[in-house]
Amino acid sequence: TDLIRRTLQGIPVVTKVTRSGLLEEQVTLAYSQERLASYGVGSTRLKDILAARNIPVAAGAVEVEGKTVAVAASGEFASVDEIGGVIVGASPTGAPLYLRDLVLVAREYQSPAGYVNSFSWPDSAGQWQRSRAVTLAVEMRAGAKIGEFGQSVDSALALLRDRLPEDLVLARTSDQPRQVQESVDLFMDSLVEAIILVVIVALVGFWEWRSALVMALAIPLTLAMTFGMMAVLGIDLQQVSIASLIIALGLLVDDPVVAGDAIKRDLAAGHPPLIASWLGPTKLATAIVFATITNIVAYLPFLLLSGDTGRFLYSLPVVLTCSLVSSRLVSMTFIPLLGYYLLRAPQAGERSPEERRRRGFAGWYCRVGRAAIAHRKLVLAGALLFLVGGAVIGRQLKSQYFPKDLSYFSTVDVWMPEDAAVTATQAAARQAEALVRQAAARLGAEGHEGTARPVLRSLTTFIGGGGPRFWSSLSPEPRQANYAQIIVEVFDKHDTGHLIEALQPVLSSGIAGAR
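Every value quoted in this text rests on a predicted model; they were computed, and no experiment measured them.

What follows covers the packing of aromatic side chains. If you walk through the whole model with that rule in mind, you get 4 aromatic pairs. Positioned above the aromatic ring of Tyr408 is the side chain of Arg178, whose terminal nitrogen or guanidinium carbon lies 3.8 Å from the ring centre. In this structure, Arg479 packs its charged tip against the face of Tyr115, placed 3.7 Å from the ring centre.

Turning our eyes to something else, we now look at the nonpolar core. Core analysis: the largest hydrophobic core is formed by 34 residues, its most contacted members being Val214, Ile219, Leu223, Leu245, Leu249, Leu252 and Ile335. Among the elements that make up this core, the one with the highest residue count is helix α7 (residues 209-233) (7 residues). Apart from the residues within four sequence positions on either side, Leu252 is in contact with Ile219, Thr222, Leu223, Ser323 and Ser327. In this structure, Ala439, Val455, Val488 and Leu503 belong to the second largest nonpolar core, which totals 27 residues.

Before going further, it helps to spend a moment on the side chain of Ser458. Assignment of secondary structure puts Ser458 in strand β12 (residues 456-463). The class of Ser458 is buried, set by a relative accessible area of 3%. In this structure the side chain of Ser458 is engaged in a polar contact, spanning 2.8 Å, whose partner is the side chain of Glu489. If we ignore the near neighbours within four places in the chain, the residues touching Ser458 are Phe119, Ser120, Trp128, Ile487, Val488 and Glu489.

The next subject is a nonpolar patch on the surface. A cluster of nonpolar residues, Leu274, Ile275, Trp278, Phe334, Leu337, Tyr340 and Tyr341, forms a patch on the protein surface that exposes about 750 Å² of accessible area. Elements that contribute at least two residues to the nonpolar patch include exactly α10 (273-283) and α14 (334-342). The element contributing the most residues to the nonpolar patch is α14, with 4 residues. Turning to its location among the elements, Tyr341 is positioned in helix α14. Assessed through its relative accessible area of 54%, Tyr341 is described here as exposed.

This paragraph deals with the sheet that holds strand β8 (residues 116-122). Reading across the sheet, the 5 strands line up as β9-β8-β12-β13-β11 and stay open at both edges, with antiparallel pairing between neighbours. In the strand order of this sheet, the two ends are held by β9 (128-132) and β11 (409-415), each with one partner. Taking each pair of neighbouring strands and ignoring which way they run, the sheet shows an average axis angle of 15°. Pairing of β8 with β9 involves 5 bridges; the strand directions are antiparallel. Counterpart to Ser120 in the pairing with β9 is Arg130. The strands that helix α18 (residues 422-445) touches are β8, β9, β11, β12 and β13 (483-490); relative to β12, the one it contacts most, it runs at about 165°.

The rules behind each value
Residues numbered from 1 in each chain as written. Predicted model: local features only at pLDDT ≥ 70, side-chain atom pairs only at ≥ 80, totals over all residues. Heavy atoms only, no water. Phe/Tyr/Trp six-rings, centres within 6.5 Å; stacked < 30°, edge-to-face > 60°. Lys NZ or Arg CZ within 6 Å of the ring centre and 35° of its normal. Core = buried A, V, L, I, M, F, W, Y, C linked by side-chain atoms within 4.5 Å. Buried < 20%, exposed > 50% of the residue type's maximum accessible area, 1.4 Å probe, protein only. Helix = DSSP H or I, 4+ residues; strand = E, 2+ residues; numbered from the N terminus. Contact = heavy atoms within 4.5 Å. Polar contact = N/O pair within 3.5 Å; in protein donor to acceptor, adjacent residues only side chain to side chain. Patch = residues over 30% accessible without salt bridge, like charges linked within 9 Å, V, L, I, M, F, W, Y side chains within 5 Å. Areas by Shrake-Rupley, 256 points an atom, 1.4 Å probe, with all protein chains shown as cover. Salt bridge = Lys/Arg side-chain N within 4 Å of Asp/Glu carboxyl O. Pairing = 2+ DSSP bridges. Axes fitted to C-alpha atoms, helices over the stretch in contact; angles between N-to-C directions.

Written out as structure tokens, the structure is:
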């Protein structure tokens, strides 16, 4: 693992690599009470001698040619031989008596280990294997792209694979580059869907392909300008900023739609394309500006949030503001340009308001409005009924500040009584692992069409303390013998919530003495 750590540390985009699960070493002294007594040395005296010897003492400083040089005195033990060479007394003949003459000084691994890491995975035959493990947490340098970070780590491990033992299992539990890529893919899918919906709505509303094309071109132009503003402000593409862009997709088309429709109206009024492309958006400039400002101000209170919540949501109002400002600029620049070349005056001319009230969707809407006015008391009673019904249903809804996020992993915390030993915690963790595998197998057996499917990918267990920080909102527990943490990884992130619901009651009742 030291070779892997040094290799990953050498990647330019990697800032820190930490290892968890290494077996700690210790120096043990094996001695006989009779032998120590024959030399007049007590076991408590050995402890005092070693404690007094293993202390770094400040040696002061010396002045050499006008410069002050600090002097460091050697005091701490650096090897087993130094410990064995400590003088603990004198023999009957007056010769110095060394520690190695009285006790056996040995360097060995801590047993039982106070902090253990294990990894469980299914083999090709579906049988679960469990082995000791060392977990490496690789942190990305600030300002780097997480996609390039993931590719660099993968390339370094691929080149290092030939130098590692063949039976060494390399597995990745928390893979943030994959989750970010999936979020980006979700945004791109939403972007394509939004463009298609805008084109369809434009076709239905305007009944011509030219207006639909102008609206479709406005979205990528606005997003390109938004990305530029985000780069200037230092906002990265992460989960919150991507979600903000998805929210903004429904808002950033408002200005281009209004501007494009205004150009069409001026073309229908007989203005030349050059005049109509300028006059249409200009006449509605004030209304569009105030509508844009209203949408921006609605999200600015998020900037007043403090603490971790404020830092987490900081990019939401910033990205929305960038997208709305970009939409405003596009509606006053690119839309007139596209309208000049693409839009044409309707051949049948613009229908009068009276004619629009009698035909098509506008006519149906007008008739509904007249009926509502004629029966306004009944309509008001129905609106109040819907309002009261909505309030009753709203009070029954569960509230939470952050929505539930889909993730490939979840954690199981095992707490034993405070006086429990590491061996008892390890036994409870093994029972918890078995219960997790059983719950995952039952969940997989309930698959669609009666076919069983694998649910659980791996289990990473830390005994005697928490694992490294693999999620920003999850703080690792300090080292303590009565605590164990199990990281549960699934194949499909949609199974995480279902597995947690089935697992919690089983764990609470299936392990005696644990919580």
